[in-house]
Structures are given as structure tokens and as C-alpha cells.
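# Analysis of the macromolecular model
Chain by chain, the residues:
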Amino acid sequence: DQQVKQNSPSLSVQEGRISILNCDYTNSMFDYFLWYKKYPAEGPTFLISISSIKDKNEDGRFTVFLNKSAKHLSLHIVPSQPGDSAVYFCAGLTDSWGKLQFGAGTQVVVTP
Amino acid sequence: NAGVMQNPRHLVRRRGQEARLRCSPMKGHSHVYWYRQLPEEGLKFMVYLQKENIIDESGMPKERFSAEFPKEGPSILRIQQVVRGDSAAYFCASSDLPSSRTGNTEAFFGQGTRLTVV
């Protein structure tokens, strides 16, 4: 039962351009959505989150948009930097215990 | 303030052996979560523990897997009689509050233990 889906396994973008990562979900009960960034051989690092009652949250170069009617969210990174090359996971936060449901991840490669 | 510490970083076990994975949460954190990442997949929730209590183990396989978080010491994920399919990266996360109260910004992940079963 895949409740969170990231259908693009990889994304290549030029330095300075915008990176757009997409995520779809099926569980209407998620309270929050989160994006994590992961480098090889390291644990995921929290990036940005959005409450299910909001439609946009911005933090520096990172903006997350939520479209509840479409059950879709996206992460925009602008401008993209070489250090942004990593795997990005979308996750939904379900129930009061803090259990995260992760997507399969999108590998982002930022080229010079 | 040290982050979430997991050890060992890499663990090799032969089929049928036991694997013990340790997780020391961040100082002051009393909530621990274990996740498993299989190759080419996202992280899958396994179990949520507070000190001396298992709160949610809905993601744990019904056999061979167990977890504990004793009053003193690290949280332990134990896999008995390992099989090749157990090979994965196991991540631990900790927080000081149930994450849904604040949007999970307080949940921090360790670097993971990569288990290889040969």
C-alpha cells in the first residue's frame, strides 16, 4: 500500500535553474507533509514541511506547494546549487505518533 | 549536542545469525522510531518506542524482529535468524515530542546501519 508516490526517480537540472520535485499521495488523513534530503551513506535530513491546512510554505531557496484537491505536492528549489545534488524524499505524517510514510525518493543531480 | 548515534555503521551477518542494531537518541529525546530502506525504495516505518514501551509496531515483520528501548541505554533493533531479504539500511530517528504536534521538525535521523546478509 504505497500511500506516498514519487514517480520521477531522477531529475537533472542546471546550476542556477529551478528544480521541481513532485509527490502524490492517497491518504487524506495526513496532517503534515515533509521533505527530506539524503546524501549517500548518511541519514535523511529534514528540509521543509507544510501543514495540510496550508497551500504554500517557503524557507529560503525552498518552497513547498500543496494542492489538496489533487492530492499533490511539489518542492521547488531555486536557484539550484551543486550541493543540492542528493536524493529527496517526500513524506506524509500520519496519526498522532509521528509515523512517517515515505515516497521512494527522487535523485537530483545539479550540473554546472 | 551529539546527534542520533547508530552503531554499527555496517554489519555483515551470515544467514541464520542474529543482528543487533543500536540507536542512541539525541540527548533529551524520549521518542525513537526505526525505519528500513530496501534497495531502490523509500524508508518504511517499522516501530515507534518510548522509554520502556512499544507504542506502534505496525511496520515490524511478525517474526524474527523485535525492538526495545530500555530505561537506560540505547534502543535495540534485533533480527533473529537473518535471511538475505533482511539486507537493507536501517535508520533510527528520535524526537522529544510526538511529531504530529509540531510538524515533525524535531525528528532527527541517525546515519543508519547497513546490514548485509551473506
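Because the structure is predicted, anything quoted here is derived from the model rather than measured.

Analysis parameters
Here the residue numbering is sequential within each chain, running from 1 through the sequence in written order. All chains are assigned letters beginning at A, and all ligands numbers beginning at 1, according to the order in which they are written. Given that this is a predicted model, residues contribute local features only at a pLDDT of at least 70 and side-chain atom pairs are listed and counted only at 80 or more, while totals for whole chains, interfaces and linings are drawn from all residues. Hydrogens and water are ignored here; the side-chain numbers use all heavy atoms of the structure. Burial here depends on accessible area, computed with a 1.4 Å probe over protein chains only, as a share of the maximum for the residue type. Under 20% is buried, over 50% is exposed, and the range in between is partly exposed. A helix here means a DSSP run of H or I that spans at least four residues, while a strand means a run of E at least two residues long, and both kinds are numbered starting from the N terminus. By definition, two strands form a pair when at least two bridges between them are found by DSSP. Pairs of cysteine sulfur atoms within 2.5 Å are identified as disulfides in what follows.

Residues and elements named next belong to chain A. Burial along strand β3 (residues 19–25) is one-sided: S19, L21, C23 and Y25 are buried, and none of I20, N22 and D24, which face the opposite way, are. Pairing of strand β1 (residues 4–5) with β3, which is carried by two bridges, proceeds in the antiparallel orientation. The partner of V4 across the bridge, within β3, is Y25. With six bridges joining them, β3 and strand β8 (residues 72–77) adopt antiparallel strand pairing. What sits directly across from C23, in β8, is L73.

Time to look at the state of the cysteines. A complete count under the given rule lists two disulfides over all chains for this structure. Covalent S-S linkage joins C23 of chain A and C90 of chain A, the inter-sulfur distance amounting to 2.0 Å. Across the disulfide from C23 of chain A to C90 of chain A, rotation about the S-S bond amounts to roughly -75°, and the bridge is consequently left-handed. Here C23 of chain A, found in strand β3, pairs with C90 of chain A, found in strand β9 (residues 86–94); they are 67 residues apart in sequence, far enough to count as distant. Residue C23 of chain B pairs covalently with C92 of chain B via a disulfide, S to S 1.8 Å. Measuring handedness by torsion sign, the sulfur bridge of C23 of chain B and C92 of chain B sits at about -55° and is left-handed.

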